[in-house]
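Below are the chains, spelled out letter by letter.
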Amino acid sequence: MHKGECATRDGDFMNAALHFERAALGYEFSGDPLPAAEATLELGRCLLYLKHGERLPALAGRLDNLAREEAASLPKGALISLRVWAVILRRGEIEPSPFLHLIHSRRRVRRSALPQVAKPSPGGLPVIDCMPPHFLIPPDRMGRPRDDDWAVSPDGKWFVRVIEDSSAAARIEIGNRVIDLGRLLDCPARCEIETKRVVVRVAADRRGHALIGALRDEARQNQAAAS
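Here's a quick rundown of the structure. All values reported here derive from a predicted model rather than from experimental measurement.

### Remarks on the overall build of the protein chain
Line of reasoning, step 1. When helices and strands are counted, the protein chain shows 9 helices and 4 strands.
Line of reasoning, step 2. When the helices and strands of the protein chain are placed in sequence order, the string is α-α-α-α-α-α-α-β-β-α-β-β-α.
Line of reasoning, step 3. Within the protein chain, the proportion of its 227 residues that are buried is 41%.
Line of reasoning, step 4. Carbon and sulfur atoms make up 55% of the accessible area of the protein chain, which amounts to about 13,100 Å² in all.

### Observations concerning the pairing of strand β2 (residues 158–163)
Line of reasoning, step 1. Relative to β2, strand β1 (residues 151–152) is paired through 2 bridges, and the arrangement is antiparallel. Within β2, the residue paired with V152 across the bridge is F159.
Line of reasoning, step 2. In sequence, β1 turns back onto β2 through a hairpin of 5 residues, with G156 there showing a positive phi of about 75°.

### Brief notes about helix α4 (residues 56–69)
Three- or four-residue spacings in an α-helix give side chains the same orientation, since the helix completes a turn every 3.6 residues.
Line of reasoning, step 1. Given a rise of 1.5 Å per residue, 14 residues ought to cover 20 Å, and the 20 Å separating the end C-alpha atoms of α4 matches this to within 8%.
Line of reasoning, step 2. Burial in α4 covers these residues: L56, L59, A60, L63, D64, L66 and A67. Axial view of α4: buried residues confined to an arc of 160°, hence all on one face. Away from its buried face, by an angle of more than 90 degrees, α4 presents the exposed residues A58, R68 and E69.

### What to know about the nonpolar core
Line of reasoning, step 1. Ranked by size, the top nonpolar core spans 46 residues in total, and within it L41, L63, L89, F99 and V202 carry the most contacts.
Line of reasoning, step 2. By residue number, the principal contributor to this core is helix α5 (residues 78–90), which donates 8 residues.
Line of reasoning, step 3. Setting aside residues no more than four positions away along its own chain, L41 makes contact with L63, W85, L89, F99, L102 and I103.

### Examining the packing of aromatic side chains
Line of reasoning, step 1. According to the stated counting rule, one finds 1 aromatic pair in the structure shown.
Line of reasoning, step 2. Look at F13 and Y49: their rings are 4.8 Å apart centre to centre, the planes differ by 40°, and that puts the pair in the tilted class. On the criterion of sequence distance, the pair formed by F13 in helix α2 (residues 13–29) and Y49 in helix α3 (residues 33–49) is long-range, its members being 36 residues apart.

Criteria and cut-off values
- The residue numbering used here restarts from 1 in each chain and proceeds along that chain's sequence as written.
- Note on the predicted model: pLDDT of at least 70 is required for a residue's local features to be given, and 80 or more for side-chain atom pairs to be given and counted; whole-chain, interface and lining totals, by contrast, use all residues.
- Computation of side-chain values covers all heavy atoms of the structure but excludes hydrogens and water.
- Only DSSP runs of H or I with at least four residues qualify as helices, and only runs of E with at least two residues qualify as strands; both kinds are numbered from the N terminus onward.
- We call a residue buried when its accessible area falls under 20% of the maximum for its residue type, exposed when it is over 50%, and partly exposed in between, using a 1.4 Å probe and counting protein chains only.
- Computed by Shrake-Rupley with a 1.4 Å probe, the accessible areas treat only the displayed protein chains as cover when residues are assessed.
- Any two strands with at least two DSSP-identified bridges between them are counted as paired.
- The span one expects for a helix is its residue count, reduced by one, times 1.5 Å.
- By construction, the arc corresponds to the directions joining the helix axis to the C-beta atoms.
- Remark: nonpolar core denotes a set of buried residues (Ala, Val, Leu, Ile, Met, Phe, Trp, Tyr, Cys) joined through side-chain atoms within 4.5 Å.
- Here a residue-residue contact requires only that any non-hydrogen atoms of the pair lie within 4.5 Å.
- The aromatic pairing rule takes the rings of Phe, Tyr and Trp, using the six-membered ring of Trp, and pairs them if the centres are within 6.5 Å, calling planes under 30 degrees apart stacked, those over 60 edge-to-face and the rest tilted.

Structure representation (structure tokens):
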């Protein structure tokens, strides 16, 4: 993983892809599904920069397989994480901002878990490892997500969905699902339980788009499995 990150820092995405592929296979062979998934995400980023975004759905299938095969051994919450990562990776070519934001967040988590080292002496040049700035800036006038069930709040800060056409238990379950995904994606989310309806709100930015995309794709997969 370290060699792959160094190669991406140098702009050598082909070499980086080889390192991340080896890391993913190695972690999977040793029974470490989460590091294997993170290496797969990094591999997908390299393929995106190498103009091979059409391969991302196949990589997302790897994450789906990891989630299915390692479900019993995964820690609490990790199964949902893998499924959400798979959804974001699968849509990485058409919606790169949530995908690259996810990788940036996972790198930050990995770095925070490493032993702290002494800071460089004053005057030293910092090493900056991040995605291109235009992927970090939320697009202006994001507009509403591609889902008729969601609307934009009058102040433009929230995507809002009103759930009325289900049982009380189902409405609450959907609301809780949105809150859980919001925590995983570091996306502000709210759920208001009323007598005959549940109102959920998610931040009107790229994280909210990713969350709604995850919900939409999850529902599509559930319908396909039921049929």
